[in-house]
Amino acid sequence: MSSHLGSSLHFFLYDVPKVLTLLIVISFIVGTFQSFLEPERVRYLLEGKRTFVGNILAAMVGIVTPFCSCSAVPLFIGFLEAGVPLGVTFSYLMAAPMVNEVAVILLWGLFGLKVTLIYIGFGVGLAIASGYIIGLMKLEKWVEPFVWELQKSRQTIPIEKEDNLKPVVLTWGQRFDQGRFQSSEIVRSVWLYVVIGIAIGAGIHGYVPTDFITKYAGANNPLAVPISVILGVPLYANIAGVMPITEALVNKGMPMGTVLSFTMAVTALSLPEMVILKKVLRPQLLAVFIGLMTIGIISIGYLFNAIIKGWV
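These notes cover the structure that comes with them. (Residues numbered from 1 in each chain as written. Predicted model: local features only at pLDDT ≥ 70, side-chain atom pairs only at ≥ 80, totals over all residues. Heavy atoms only, no water.)

Our next topic: the packing of aromatic side chains. Within the structure shown, the criterion is met by five aromatic pairs. Taking 6.0 Å as the distance between ring centres and 50° as the angle between the ring planes, the aromatic pair formed by Phe122 and Phe304 counts as tilted. Of this pair, Phe122 sits in helix 7 (residues 113-137) while Phe304 sits in helix 16 (residues 283-311), placing them 182 residues apart in sequence. Clustering of aromatic rings is evident, with ring pairs tying together Phe28, Trp172 and Phe176. (Phe/Tyr/Trp six-rings, centres within 6.5 Å; stacked < 30°, edge-to-face > 60°. Helix = DSSP H or I, 4+ residues; strand = E, 2+ residues; numbered from the N terminus.)

In structure tokens:
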């Protein structure tokens, strides 16, 4: 246990079953209750909502919908097509990948309920505030014209919203089946990232000197938070693979806010998401989106560090 290899193996063999068990159990529970909320109903729920109330609702819906950043983008287009305001749509786009069920499950299991609730609060607050600011700036002119053409063509087709909004009546057995299906899909899609992430975290835990982490990314370096965010912006990694690395870095002495701000940047500003968004947003609006998120995540990192420090 006192050797580098022993310490790494202990970290790996302890975390793999713990994290996978959390994913299986909680994703089943979340998947069961998500059977009450379908993407098409989400779109109709957000139609007609304006300004701040719409931003709050969109961010809250983003928490409970199982869409990653890349799958949230097609819904982003669908929301605009349906007439959902641009700022409200951005609040959903920001919240859905950043505060999803996998992130919450892993945060809760690795760092406890208090850190998880603060992370959720900051993530949702950032999505609401950024979406609201974009709405106030009236940046619809920087959305590609074909999106508005889709909206116009949709408006010419009569849609029986009443029929679409009728709830699909499922038995609890069917809902449990959906929960089991979603749990198996999540685990099947992320288990390898979990194992790889834990292996990297185990290597950091066993072999990277604590002094190295605290010197370059510790609380005494005032630029650690913005540097971590800037490094995270161009990257893409599955949240399930990032969290075990996050745990190892925190154990080595990197402040929680610095690590989680990096995690937020990787999750909410992933390269594939930016590539897809570039198809529907002009560079000016894409720059506003990236800028607001980057500034917001850096601010959250400093605030998170201050709050955690106050507890110690």
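With that settled, the discussion passes to the environment of Gly179. The residue Gly179 is located in helix 10 (residues 172-207) in this model. Note on Gly179: relative accessible area 0%, which makes it buried. Setting aside residues up to four positions removed in sequence, Gly179 forms contacts with Ser27, Phe28, Gly31 and Thr32. (Buried < 20%, exposed > 50% of the residue type's maximum accessible area, 1.4 Å probe, protein only. Contact = heavy atoms within 4.5 Å.)

Attention now moves to unusual backbone geometry. Even without a glycine there, the phi angle at Lys138 is positive, about 55°. Within the secondary structure layout, Lys138 lies in the loop between helix 7 and helix 8 (145-155).

Once their charged atoms are close, side chains differing in charge can pair, the charge on each being opposite to the other. Counted under the stated rule, the structure contains four salt bridges. For the salt bridge of Lys18 with Asp15, the shortest nitrogen-to-oxygen distance reads 3.8 Å. Taken as a pair, Lys18 and Asp15 lie in helix 1 (residues 4-33) at a separation of three residues, close to a single helical turn. Here Lys18 ties to Glu247 by a salt bridge, and the two come within 3.9 Å at their closest N and O atoms. Pair noted here: Lys18 is in helix 1 and Glu247 is in helix 13 (residues 239-251), with a separation of 229 residues, a long-range link. On the basis of relative accessible area, Lys18 is assigned to the partly exposed category, the value being 22%. Residue Glu247 is classed as buried on the basis of its relative accessible area of 8%. (Salt bridge = Lys/Arg side-chain N within 4 Å of Asp/Glu carboxyl O.)

Without other data, these values stay purely geometric and don't point to any function.
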